[in-house]
Every structure is written in C-alpha cells, then in structure tokens.
Amino acid sequence: MKYQSAIVFGFNEYAKQIVFQISEAYLSFCVFVMNEEERLSAQAAGYDTELFDLSENWKSIEKRFDLNSLVVFCALDKDAENVFLTISLRSVFWHLPIIALAGDHESARKLKNAGANKVMPILQITANMISGMLEKPIVTKVMRDIIDENSPIKIVQITVPLDSYIIGKQLFDIDWTKEYNVIVLAVVDHEGSTRFSFTAHGHNHHIDLHDILVVVGDDENILGLSKAIGVIK
Amino acid sequence: MIGRWIVGLAFFLQASMRYRHTKRFFHNLLENPAYPYKKFFDYMMILLIIVSVYILIRHVKHEVNNQWIYFNNYIISIIFLIEYVLRFWIYSDMTKIVTEQYEHDLFLQRPFRWKWALHLILKNKAGYLFSISAIIDLLAIMPFFHELRMLRIFILFRVFKLFRYTKSLTQFISILSSKKFEIFTLLVFASVIIVVSAILIYIMEANNPESRIHTLFDAVYWAVVTIFTVGYGDFVPVTDEGRMVAMVIIFAGIAVISFATSIVVSAFTEKLDEIKEDKLVDDVSKLSRFYIVCGYTPLAREVVERFIKSGKKVVILEKDISKVHEAQKIGFMALLLDSSSLSSYHTLKIDFKRQVEAVILLQESDVLNVYTALTIREISNHIKILSILNQLENRRKLLLAGISEIVYTQELIGLMSKQEIGKPIAFEVINALYTDKKGVFIEEIILDAKTRTRFFETVTQPLFHKRLLVLGIYTAFNDKFQFNPSSELEIRSGDAAIVIGTAALIDEFKAMIYKKGNR
C-alpha cells in the first residue's frame, strides 16, 4: 500500500463504514471528531481519536503523521463543513491526498474547487447502484463480486516495469486472453495520471514504461501475467 | 308460496357461477373504465349515435333509403333498449336484497315478507330509473316507439348519450355540478329580470302600432335575447318607456354574463388539480411497463432521471403536495398518493404483474419503507421491491417485510473508499462502465441454448474481436460466474453473457445473435 497512515474526519454512519473498511489497512489510523459524543463513540469502537474544530491550524497532524504517506477522508455531516475542512487542510498541506464525501453534484464541484483529490457524490453513487441493480442485475452482482477482495476474480492495476518485454509493443500485438487468460480493460498512458482509456475503444496503444494496465482475471493468471511482464521477478 | 319461489330463485341465482360471470361481464363492459374491452363498446355506441344523427339531418332535405330509416328506427333503438335494460339489471343486486330480507325475517322468526322485499328492490331500482342519464337513455329509445315526424327530435337525445361514453364531457358536467348553488342563483336572478322586463316591455309596447312586440311571448323572447347580450334586432322597443326598460335589462345582462363566466372559470380553476390528477391516473393505467418510486427525495430525483434517460417509465407516489408539484415541475409523472395505503394502488387501477417492473422505496424512514413494502406485498407476492436502508439495525426488518433488494448507501461508500485507496484507477474504470462518461458500457446479454452457438461464433468475428470484451458468462442454475468462458461452456435458458464495448458495437452484436430465426 502506498499510504501508511489515514485520518477519517467525522464519525457519522458514513464515516463509521469508511473506518470499518479501511482502518486495518493502515499502520497508523485516527478518527478526528468535532464533539465529545462522537469521540466517546469512536473510542468505544476501539479507534484512536482526536478532537478538532474547523479553526485548527493542524499542528497535531504534522506532529503525529508522516505527511508523505498520509491520506485523509472528509466525512463530516454537512457538505459545507466538508468543503471548509478540505480548503483548510489544502491551505496547509499542499500535497496531501484528500478524499471527501459530497451530498450531490453541486457540493462535489465545490469540494473539487476546494482542493479535494477525489470526491464521492453520495446521491449519484446510490442512484447508480439502484438503477444498476434493477436494470443490469447480473452485471451489478458480478462487478460487486469482482471488487470484493475475497472473490476469485479480481480487478488489478499493473504498472509496466523497467525491462519488461511488452515495452515498445502495441497493446493488440498481444492476445491477452489466449496467452494469459486475463482481460485488459483499460490502459493509463503515463505514471501518476488517472486518465485512462478503455481498450474496447479499439485504439491500439504503444506500451511504454510505467504505463498502467487495468486487468481482470483470477489470482493465478494475474500472478502469471505479473511474472511474464516482469512485475514479479 | 310466491315468497318461497322468490327466495329459491334468489339463492339459485346467487349460487350460479354463470349468472355471476355474465353480470360481472356486463358490469365491466358498461361501467368499468379499466376493463380493456369497454372502450370498444363505447366507440361502437358513439358510432351508432353519429350515424343516427346523420340520418336525422340528411332526412330534413333529402330522401333517405328505407333500409337506413329501418336501421335507425329499429336496429339502433333495439341496441339502445338492450343497453338500457342491462344497465337497469347491473345497477344493483336484486338477489342480495331478497336474501338479506329473507335472513332478516328468519332471524326475527317471522314469515318472509316478499312484498316488502319487492318494495325495496323497486325503491332501489328507481334510483336508476330517475337518474338523469337513465332518462336520457330512455328518451333516446323513443324513435323506436314513434315514427311520427315530430318525435324524431328525440333522436337528439342520443347526442346526450355521448356523455356516457366520453370522459371529458362527463368531467365538464361534474365540474359545473360543483357550482350548483351559484348556477341556481344565477338562473333565479336571470329569470326574475326576464319576467319583470318582459311584462314591462309588454305593457309599454304591446298597444303601440309601431312596435313589433304584440304578445307576451314576443316580450319574453325579446327579454331573453337582450339579457344574454345577443340582440338580434328583430324586436326593438320603440317607446321611450320601452327603451328605458331595454337599458335596465342591458345592464342586468352584463351582470348575468359576468356572473356566468366567473362561475365557470372558478369551477374549472378549483377542479384543475383534480382533473390533472385524474388524467395522470388514466395515463398511468395505460402504461405497459414502469417502475414505481415511493417517496420523492433528492435521491429519488437522481434515480428517476437515470431511468428516464435509459427510456424507462417511472411513476412517483408522494403524499406531500409540495414535493409532488416539485417533481411535476421537472416533468416527472408524480401522483399525490400515499404509497403505504392500499387504497392508493386501487385508485391507480394497475395490474402489478403485467405493468410494474419493480417498486423502489426511497422514503427517508425505514418505518415507512417497511410499512409500504407490507402494503405492496398484500397486492403482489412476486413483484420486485428495492429499498434503501436508512439505519443499519433495521436491515433484518426490511428483509422480513418482503423487500427483495436492499441498498445501504453508507456501506457502499465504505467499500468504495477502500477501493479508492487500493486501486483508484481500477475503481474509476468500474465506475465509468456504469455511467456513459467514456462511451464504453457493460451490458448483460441473456442467452439460451439456441443463441449459444451464434454468440461464440459472432464474438470471434473481426468486427468484434478485441473490441467487444466478453468478461464472462453468468450461469443462473448454479449462481456462478464463468470468467473468460470457452465455446464449450454449456448454456441454459436464463444464463447471461457480460460484455464490455461501445454502445454501437454492443447493439450490433445483439442484433447479430438475436437475428430472426435465432431466438
């Protein structure tokens, strides 16, 4: 994992689920809450907590965490508070990855403008899920299984390493399905970028060092592919 | 003896399935707007009325074929007579009145009073006989009994029968009937003015040789024509006194017209919402397949927008009028109905099994969603119900209420946060497949043994190879997903292939595997 530490701001129902899902994946984890009631609730659930208010200068974060491996989740009750928290954090920590929850698209835009790296609009996500479950129930079920870590079929990101035999080849020169029994869904052209293109568009892609392949397959075949292209030596 | 015979007949008819089915059939045909064949019956009756009136008009100046006269006087009249008798029959249940009276007398240990039972039946049926619509029906049959030229005018009563078959006319009458008192007041006012003015003008003008008003009828005719601001000019007052009366009646006429206009306008304004609601209910009952969304919330708006975008029909049920207006303003089909009440669904007159795809409960209270789910389960055990879960501890209650799918947004956000950190790009890819932001979609294609061969053949064609990604096949019988399947995989009816590609390519692919003779 790229990040060693995480902070979740807030301890409402959304924050609780985020905490529940991510807390064990980090060496250092803390829940920042705005009131005593939430602090007691988070402590009772076994989490390290800290009180804060929106006028903080965030000295405690600098003291407690390595900012190069820290990620924060803004999940306060109100969108306005999340926007203010995001802008407040961004004003101090220029490179800190901030993931924020937004009630709707309007708040999502404000959070983006306030400096959030990633915004999760709750209404849109839920509406997508509802329409997916009713319109494409099988797709929804399968995709839900694929993103589950315990599923035999997984979706992974593989970064093309130095000296890989695929560097310089065209994407469609390789029959990924026949050779490795995997499906390459998308490709990201440059390291660090999150702009990907779907292979289903049919545009052939020149594979370079540090390109990222988004691959679906089972554990064994993904491992086989990783070895073949030199990710695992 | 007669009493026993009447009771015996009543019980026999009540027990007879054929009698009950026949009566229900005619009730549906004549009175039930939701009955699919009623509209054909109505169209036929409207056609008969038009033919009848056409013959009447044609007969004024032209000779009409005797066969048409016969058709008009006898065939159409007999059809109307049959309809009149059927309506009389279905108006109430005579057998029920008889058996109830019999059981009542039996309980009080006295002989069956059959004459009283007949009295009750007649009293009940009189309700039909003296109703305005039944009187019009009867008068419309009159040409059958009289071929006298003057009585042909009764054919015009057939035009009034149109009220029975056209909803808009019925609605117009019901709107005006809500202002009965005002209309009555107006009529009294106009009548008083007409009578007083007619008498006055008669007194002033009748003996004047230059005046054309000679009789009281002339005077009444003049007063009516003047008060309703028509003023043909065929009768005009010539004396100063008469003109004074004319001036008064002209002013009164303006008041009458204004009053009449305001009554009609206010009646329509007051009933406008009701009319719109009725129209909407009618429209909903005619939809073939649609989703029902219970509760109009910001989430409901997002959900409905998605369905409408994909060409699906959605009906929103909401009991808060301001929210209904808000939804209607956007153009959604929203009805002011309490989704947790059984009567709301009866009002809608819909066939759940045939028309409803699924019910989506999006109210911001688990209590309401559970209550609504139980109401829907009373109507249909099989309809799919999806609900949002507001409080985690209520999940089991929602399941017990018969909700088929539960969406707990908070859990969803938690899972997504995990993905977002671990595999942000992979997560973005999945997200993009669900929306149309990148022009690539994920679709499920239902297969069966027949389409199986064509599916595997088509997918290897150059057009689709490497551009249409077959993620796998979901086999329904064992609830398994076969990733990257081989062409040897056994496919059963109901299995689904999951493919990823551009919309155009997926459409083309579907067209090829479902093409005629393959499905």
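Residues numbered from 1 in each chain as written. Chains lettered and ligands numbered in written order. Predicted model: local features only at pLDDT ≥ 70, side-chain atom pairs only at ≥ 80, totals over all residues.

## Section: the overall build of chain A
Test applied: Segments assigned H or I by DSSP are reported as helices when at least four residues long, segments assigned E as strands when at least two residues long, and all are numbered from the N terminus. Each residue is classed by its C-beta neighbour count within 10 Å, where at least 20 other C-beta atoms makes it buried, 12 or fewer makes it exposed, and intermediate counts make it partly exposed; the C-beta atoms are placed from backbone geometry. Once C-beta atoms are placed from the backbone, any two residues with those atoms within 7 Å are in contact.
Counting its secondary structure elements, chain A contains nine helices and ten strands. Oriented by its inertia axes, the alpha-carbon framework of chain A measures out at about 60 × 45 × 35 Å. For chain A, with 233 residues in total, the buried portion stands at 38%. Sequence-distant contacts, at least 24 apart, represent 54% of the contacts inside chain A between residues at least 6 apart.

## Some remarks on the pairing of strand β8 (residues 469-475) of chain B
Residue and element names in this part refer to chain B. Which entries qualify depends on this criterion: For two strands to be treated as a pair, DSSP must find at least two bridges joining them.
In terms of burial, β8 is largely enclosed, as six of its seven residues are buried. Pairing analysis gives four bridges linking β8 to strand β9 (residues 480-483), with the strands arranged antiparallel. Bridge pairing in β9 places Ile-473 opposite Gln-482. Count of turn residues in the β8/β9 antiparallel hairpin: four residues, of which Asp-479 carries a positive phi of about 55°.

## Quick look at the packing of helix α12 (residues 216-227) of chain B against helix α13 (residues 240-286) of chain B
Each packed pair of helices is defined by two parameters, the angle between the axes and the distance between the axes. All names here are of chain B. For the record, the criterion: Throughout, an axis means a line fitted to C-alpha atoms (over the contacting stretch in the case of helices), and angles, computed between N-to-C directions, take values from 0 to 180 degrees. Our angle categories are set so that under 35 degrees counts as roughly parallel, over 145 as roughly antiparallel, 65 to 115 as roughly perpendicular, and the remainder as oblique. Charged means Asp, Glu, Lys or Arg here, nonpolar means Ala, Val, Leu, Ile, Met, Phe, Trp, Tyr, Cys or Pro, and polar covers whatever is left, Gly included.
Relative orientation of the contacting elements α12 and α13 amounts to 50°, with a least axis distance of 8 Å. As summarised for this structure, α12 and α13 are arranged oblique, according to the angle between their axes. In this structure, α12 contributes Ala-223, Thr-226 and Ile-227 to the contact, and α13 contributes Ala-246, Ile-249, Ile-250, Ala-252, Gly-253 and Val-256. Considering only residue class, the contact of α12 with α13 consists of seven nonpolar, two polar and no charged.

## What to know about the domain arrangement of chain A
Keep this limit in mind: Domain extents, as shown, originate in an automatic or database domain assignment.
For chain A, the domain assignment lists domain 1 (5-127) and domain 2 (148-228). For domain 1 of chain A and domain 2 of chain A, the distance between their C-alpha centres works out to 32 Å.

## Let's talk about the interface of chain B and chain A
Frequently, the measure chosen for interface size is the accessible area removed from exposure when the parts meet. On the side of chain A, 57 residues touch chain B, which itself brings 52 residues to the contact. Residue contributions to the side of chain B that touches chain A peak at 13 residues, all from helix α20 (residues 409-422) of chain B. Residues of the side of chain B that touches chain A, tallied by class, amount to 30 nonpolar, ten polar and twelve charged.

## A closer look at the sheet that holds strand β9 (residues 196-198) of chain A
Strand pairing in a sheet takes place through backbone hydrogen bonds and is either antiparallel or parallel in direction. On the basis of which strands lie adjacent, the open sheet formed by four strands has the order β7-β10-β8-β9 (chain A) and antiparallel pairing. Edge strands, defined here as strands with exactly one partner in the open sheet, are β7 (153-159) and β9 of chain A. If you compare each strand with its neighbour and ignore which way they point, the axes differ by 25° on average. Where strand β8 (residues 183-188) of chain A lies against β9 of chain A, three bridges are found, and the strand directions are antiparallel. By the bridge assignment for β9 of chain A, Val-188 of chain A is matched with Phe-196 of chain A. Sitting on the sheet, helix α7 (residues 137-147) of chain A touches β7 and β10 (212-218) of chain A, and the angle it makes with β7 of chain A is about 55°. Sheet strands in contact with helix α21 (residues 424-434) of chain B are β7, β8, β9 and β10 of chain A, and its direction is about 125° off that of β7 of chain A.

## Section: the packing of helix α1 (residues 13-22) of chain A against α20 of chain B
Definition in use: Two helices crossing with the near one rotated counterclockwise from the far one by less than a right angle form a left-handed crossing, whereas a clockwise rotation gives a right-handed crossing.
Contact geometry for α1 of chain A and α20 of chain B: axes closest at 8 Å, N-to-C directions at 45°. What the angle tells us is that α1 of chain A and α20 of chain B run oblique. Of the two elements, α1 of chain A crosses α20 of chain B, and the hand of that crossing is right-handed. Residues Glu-13, Tyr-14, Gln-17, Ile-18, Phe-20, Gln-21 and Ile-22 of chain A of α1 of chain A pack against Gln-410, Glu-411, Ile-413, Gly-414, Leu-415, Ser-417, Lys-418 and Ile-421 of chain B of α20 of chain B. Here the contact of α1 of chain A with α20 of chain B is built from residues that sort into seven nonpolar, five polar and three charged.

## Thoughts on the sheet that holds strand β1 (residues 5-9) of chain A
Residue and element names in this part refer to chain A. Spatially, β3-β2-β1-β4-β5-β6 is the arrangement adopted by the six strands of the open sheet, whose pairing is parallel. In the strand order of this sheet, the two ends are held by β3 (49-51) and β6 (118-121), each with one partner. Averaged over all neighbouring strand pairs, the angle between strand axes comes to 20°, with direction disregarded. Bridge count between strand β2 (residues 28-33) and β3: three bridges; the pairing is parallel. When the bridges of β3 are listed, Val-33 appears paired with Leu-51. In this fold α1 packs onto β1, β2, β4 (70-74) and β5 (98-102), with an angle of close to 165° to the strand it touches most, β1. Across the face of the sheet, helix α5 (residues 105-114) comes into contact with β5 and β6 while running at roughly 170° to β6.

## As for α7 of chain A
Quick reminder: α-helices carry 3.6 residues per turn. Residues three or four places apart thus point the same way. Among the residues of α7 of chain A, Ile-138, Val-139, Thr-140 and Val-142 of chain A are the ones counted as buried. Those residues of α7 of chain A hidden inside the fold are in contact with α6 (122-135) of chain A together with β7 (440-446), β8, β9 and β10 (496-502) of chain B.

## Some points on unusual backbone geometry
Positive phi, close to 70°, is recorded for Asp-163 of chain A, a residue that is not glycine. Within the fold, Asp-163 of chain A resides in the loop between β7 and α8 (176-180). If you check the backbone angles, Lys-349 of chain B has positive phi at about 55° while not being a glycine. On the basis of neighbour count, Lys-349 of chain B is assigned to the partly exposed category, with 14 C-beta atoms found within 10 Å.

## Some details on the nonpolar core
Rules: As used throughout, a nonpolar core is a set of buried Ala, Val, Leu, Ile, Met, Phe, Trp, Tyr and Cys residues joined through C-beta atoms within 7 Å of each other.
Counting 88 residues, the largest nonpolar core has Val-293, Ile-316 and Ile-360 of chain B as its most contacted members. Excluding residues that lie within four positions of it along the chain, Ile-316 of chain B makes contacts with Val-293, Tyr-296, Ala-300, Val-304, Ala-327, Phe-332, Met-333, Ala-334 and Leu-335 of chain B. Grouped together as the second largest cluster of nonpolar side chains are 53 residues, Val-182 of chain A together with Leu-471, Phe-481 and Ala-497 of chain B included.

## Points about the pairing of strand β5 (residues 384-388) of chain B
Residues and elements named next belong to chain B. So the rule is basically this: For a crossover, the right-handed case is the one in which the path from the first strand over the helix to the second runs clockwise, viewed with the strands pointing away from the viewer.
Most of β5 sits out of view: four of its five residues are buried. Examined bridge by bridge, strand β4 (residues 356-361) and β5 share four bridges and lie parallel to one another. Looking at the pairing, Val-359 lines up with Ile-385 of β5. Tracing the backbone out of β4, into helix α18 (residues 366-379) and back to the parallel element β5 gives a crossover that is right-handed. Following the backbone out of β5, through helix α19 (residues 395-400) and into the adjacent parallel strand β6 (residues 405-407), one traces a crossover that is right-handed.

## Side note on the environment of Ser-380 of chain B
Residues and elements named next belong to chain B. Along the polypeptide, Ser-380 turns up in the loop between α18 and β5. By the C-beta count within 10 Å, which is 16 here, Ser-380 ends up partly exposed. Once the C-alpha coordinates of Ser-380 and Asp-351 are considered, the two residues, 29 residues apart in sequence, prove to be 9.7 Å apart.

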